[in-house]
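Coordinate inspection notes
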Amino acid sequence: RGTGQPKADEPSFSIQLPPPNVTGTLHMGHAFNQTIMDGLTRHARMLGANQKQLLRTVYLPSATSWVFSSLHTSVGLAFVGAVVGEYLGAAKGIGYRIAQAEGVFDTTGVFAGMLVLAVVVLAVAHLVNRLERWLLRWKPARRAETEVRL
C-alpha cells in the first residue's frame, strides 16, 4: 500500500498516475506534463524543499519555457499589429510612412517600409532567442526529431 519501508536488497520504484483533464479524459500531453510536474514537486518536497525553493527550482523553470514559446509567436504579430495601427491612423511611424508611399504610388518606399519592419522583427526575435537560451541554459539542447543516428 506504499506505507512499508523499502528493502535494501530490492530496487525501488514509483508509479505516476496522471489526473484527468477538464473533459474527464486523459490525453498524452496532459498526462506527461502534469505527471512530470507532480512528480518533480513531490520529489522536491520529499527532499525538504520549502515553497520558495519549489518556486525557484520547479515552478519558474517550467513556466519560463511556456512563456517563451508564446513570446516567439506573439513578438512578430505585435510589431505587425503596431504597424497596421500606424498605417490606419497615425501621423508618424513605419506604418504611416508605408501609407504615404502607397498614396503617391512609391513602390520602393512601400517595400523599404516592409523591409525595415522585417529587419526590426527579426532583430527582436533574435534577442528573444538569446534571452531564452540564457534563461533556459539548464535545459538540454533538443535534437531534430528527424535526425537519424548511425
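Each chain has its residues counted from 1, running along the sequence as written. Reporting in this predicted model follows two pLDDT cut-offs: at least 70 for local features of residues, and 80 or more for side-chain atom pairs to be given and counted; totals over whole chains, interfaces and linings ignore these cut-offs and use all residues. For side-chain calculations, the full set of non-hydrogen atoms in the structure is used, while hydrogens and water are omitted.

Let us look at the nonpolar core. Nonpolar cores were defined as sets of buried Ala, Val, Leu, Ile, Met, Phe, Trp, Tyr and Cys residues, with membership established by side-chain atoms within 4.5 Å. Accessible area is worked out with a 1.4 Å probe on protein chains only. A residue is then buried under 20% of its type maximum, exposed over 50%, and partly exposed in between. Of all hydrophobic cores here, the largest spans 6 residues; its members are Val83, Ile98, Ala101, Val110, Leu117 and Val121. Helical segments are the DSSP runs of H or I of at least four residues, strand segments are the runs of E of at least two, and each set is numbered from the N terminus. Residue assignment for this core shows that the elements contributing at least two residues are α3 (94-103) and α4 (107-135). Among the elements that line this core, the one with the most residues is α4, at 3 residues. Pairs of residues are marked as contacts when any of their non-hydrogen atoms sit within 4.5 Å. Filtering out sequence-adjacent residues up to four positions away, Leu117 remains in contact with Phe79, Val80 and Val83.

So, on to the packing of helix α2 (residues 51-89) against α3. Two elements in contact, α2 and α3, have axes separated by 6 Å at closest approach and are oriented at 50°. Judged by the angle between their axes, α2 and α3 are oblique. Read as a crossing pair, α2 and α3 show a hand that is right-handed. Side by side, α2 and α3 meet where Val83, Glu86 and Tyr87 of the first sit next to Ile94, Gly95, Tyr96, Ile98, Ala99 and Glu102 of the second. When residues are sorted by character, Ala, Val, Leu, Ile, Met, Phe, Trp, Tyr, Cys and Pro go into the nonpolar class, Asp, Glu, Lys and Arg into the charged class, and all the rest, Gly among them, into the polar class. Looking at the contact of α2 with α3, its residues break down into 6 nonpolar, 1 polar and 2 charged. An axis is simply a line fitted to the C-alpha atoms; with a helix, the fit covers only the stretch in contact. Between two such axes, the angle follows the N-to-C directions and lies from 0 to 180 degrees. Just so you know how the angles are binned, under 35 degrees is roughly parallel, over 145 roughly antiparallel, 65 to 115 roughly perpendicular, and the rest oblique. The sense of a crossing depends on the near helix, which, turned anticlockwise from the far helix by less than a right angle, makes the crossing left-handed and, turned clockwise, makes it right-handed.

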